[in-house]
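Close look at the chain arrangement
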Amino acid sequence: MSVIAIANQKGGCGKTTTAVNLASAVAVNSKRVLLIDLDPQSHATLGLNIESQNSIYNVLSTYTSEKLTLKDIIVNVEANFDVAPANILLGTLEQELSDEIGRELKLFEAIKEIESDYDYILIDCPPNLGILTVNAIRAAQEVIIPVEPSRFSLIGVDRLLEIIDLISTRLNHPVKYRLLITMFDSRLRHSFQILNAIKEKYSANLFKTIIHTNVKLKEASLSGQSAVTYAKYSRGSKDYFYLASEIMYRKEASLDNIMRQMVKEKVKQLGEITFSLQNPNAQEVYIVGDFNNWKASEENKLSRNNGGSWVKRLTLRPGTYHYKFVVDGEWQEDPSNPNKEENNFGGYNSLIEI
Ligand SMILES: Nc1ncnc2c1ncn2[C@@H]1O[C@H](COP(=O)(O)OP(=O)(O)OP(=O)(O)O)[C@@H](O)[C@H]1O
Ligand SMILES: [Mg+2]
């Protein structure tokens, strides 16, 4: 089970949009996801149209008249996708917890009870570095820091990294972090300038995925859904699917390794075959067939060996193929291959099975 906090004290940089859509995209990939709304503004809760009397406040507060566990407050919103909702009362928790011992462990303790029920737990943080954000980071193994490329976007990131570092060292809880570019507008030159500056400074801790500006992400939240369900084929939805795969596959291997493995498996299914023709007098020889649309082009040219034989090695998928050689402009069958089939032009094509 992975716990991921989505934090940045800068307001409006895409934390909630990321939390909701990443959760939805991971759930579509058949992983069980819980999104904990840890922001008193309750934007994730409201953006998913959840109406609930109870909230994460009842779980974390010692003074509440109705003490509940996470299991009591969880609401299901989509297949595999549950939410622990927030409400405005959460705002009072900061003060309530100010004198409590172990106050930064509250969420961590609460999560223990349900951790085997989920593959991923995402935590949407408020736009400050108070006790709620500290609780989220202490409960998490990784922090996603959404950064929207504007002039002031990097202000505060280093302060957040200091907090992550303090939690790692003082509370003996190592936490990874990665920056995520959000609301990227590729029409603006300054977006690229800021992107380059971020790459230069944080290259080792930056998601490959970039979230572009996309109106469907806004519309989806107004309609009470994730964009992944509201507008599955939108750019916004696709970006969050990419992010989900970047996160899911990192656990087992890096995305690059997975791509390499997939290519290897594909290549295994391909057969390598060498076509040859003995003709010392020919000036140029091509091979044409089903596999290259019968086109005598440069890449289908045979090479001449010293002994006067012509060869071409091709990599083809398993199957049956018709082909011919084109020798100095004349089409002819392969004389060394007895397998042939009549064609529509009154002649024969050579036949090969791979
Ligand atoms: N990629 C995007 N394209 C277009 N609009 C976006 C995108 N990401 C977020 N928005 C919009 O920008 C606004 C702020 O986004 P969001 O609420 O996700 O930020 P936040 O960091 O959670 O804010 P807060 O700090 O207040 O919690 C919202 O109206 C949201 O719909
Ligand atoms: Mg938010």
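Residues numbered from 1 in each chain as written. Chains lettered and ligands numbered in written order. Predicted model: local features only at pLDDT ≥ 70, side-chain atom pairs only at ≥ 80, totals over all residues. Heavy atoms only, no water.

This brings us to the nonpolar core. In this structure, Ile36, Leu38, Ile56, Leu70, Leu107, Ile111 and Ile123 are the most contacted members of the largest nonpolar core, which totals 51 residues. Apart from residues no more than four positions distant in its own chain, Ile36 is found in contact with Ile56, Leu70, Ala84, Leu107, Ile111, Ile121, Leu122, Ile123 and Asp124. Ile4, Ile6, Ile50 and Ile247 belong to the second-largest nonpolar core, a separate cluster that totals 31 residues. (Core = buried A, V, L, I, M, F, W, Y, C linked by side-chain atoms within 4.5 Å. Buried < 20%, exposed > 50% of the residue type's maximum accessible area, 1.4 Å probe, protein only. Contact = heavy atoms within 4.5 Å.)

Okay, the pattern of salt bridges next. Pairs can form between side chains of opposite charge once their charged atoms are near each other. Tallying each qualifying case throughout the model produces 14 salt bridges. The closest approach of N and O atoms between Asp117 and Lys71, which form a salt bridge, is 3.9 Å. In this pair, Asp117 sits in the loop between α6 (106–112) and β5 (120–124) while Lys71 sits in helix α4 (residues 70–73), placing the two residues 46 residues apart along the sequence. Lys216 serves as the salt-bridge partner of Glu219, at 3.3 Å between the closest nitrogen and oxygen. Of this pair, Glu219 and Lys216 both sit in helix α10 (residues 215–222), three residues apart, which is roughly one turn of the helix. (Salt bridge = Lys/Arg side-chain N within 4 Å of Asp/Glu carboxyl O. Helix = DSSP H or I, 4+ residues; strand = E, 2+ residues; numbered from the N terminus.)

With that out of the way, let us pick up the site of ligand 1. Taken together, 18 residues sit near ligand 1, with Lys15, Thr16, Thr17, His212 and Asn214 positioned nearest. Measuring from an oxygen atom of ligand 1, one finds a backbone N or O atom of Gly14 at 3.1 Å. The separation between a nitrogen atom of ligand 1 and a polar main-chain atom of Asn214 is 2.9 Å. Protein chains shield 84% of the accessible area of ligand 1, which is 630 Å² for the free molecule. (Near = heavy atom within 4 Å. Polar contact = N/O pair within 3.5 Å; in protein donor to acceptor, adjacent residues only side chain to side chain. Areas by Shrake-Rupley, 256 points an atom, 1.4 Å probe, with all protein chains shown as cover.)

Interfaces are often sized by the accessible area lost when the parts come together. Examined at the domain level, the protein breaks down into domain 1 (2–262) and domain 2 (269–353). Computed over C-alpha atoms, the centres of domain 1 and domain 2 are 58 Å apart. (Domains from an automatic or database assignment.)

Relative orientation of the contacting elements helix α7 (residues 131–139) and helix α8 (residues 157–170) amounts to 55°, with a least axis distance of 10 Å. One way to sum up the angle between α7 and α8 is to call them oblique. For the pair α7 and α8, the sense of crossing is right-handed. Contact residues: Val134, Ile137 and Arg138 in α7; Leu160, Ile163, Ile164 and Ile167 in α8. Taken together, the residues of the contact of α7 with α8 break down into six nonpolar, no polar and one charged. (Axes fitted to C-alpha atoms, helices over the stretch in contact; angles between N-to-C directions. Parallel < 35°, antiparallel > 145°, perpendicular 65-115°, else oblique. Left-handed = near helix turned anticlockwise from the far one by under 90°. Nonpolar A, V, L, I, M, F, W, Y, C, P; charged D, E, K, R; others polar.)

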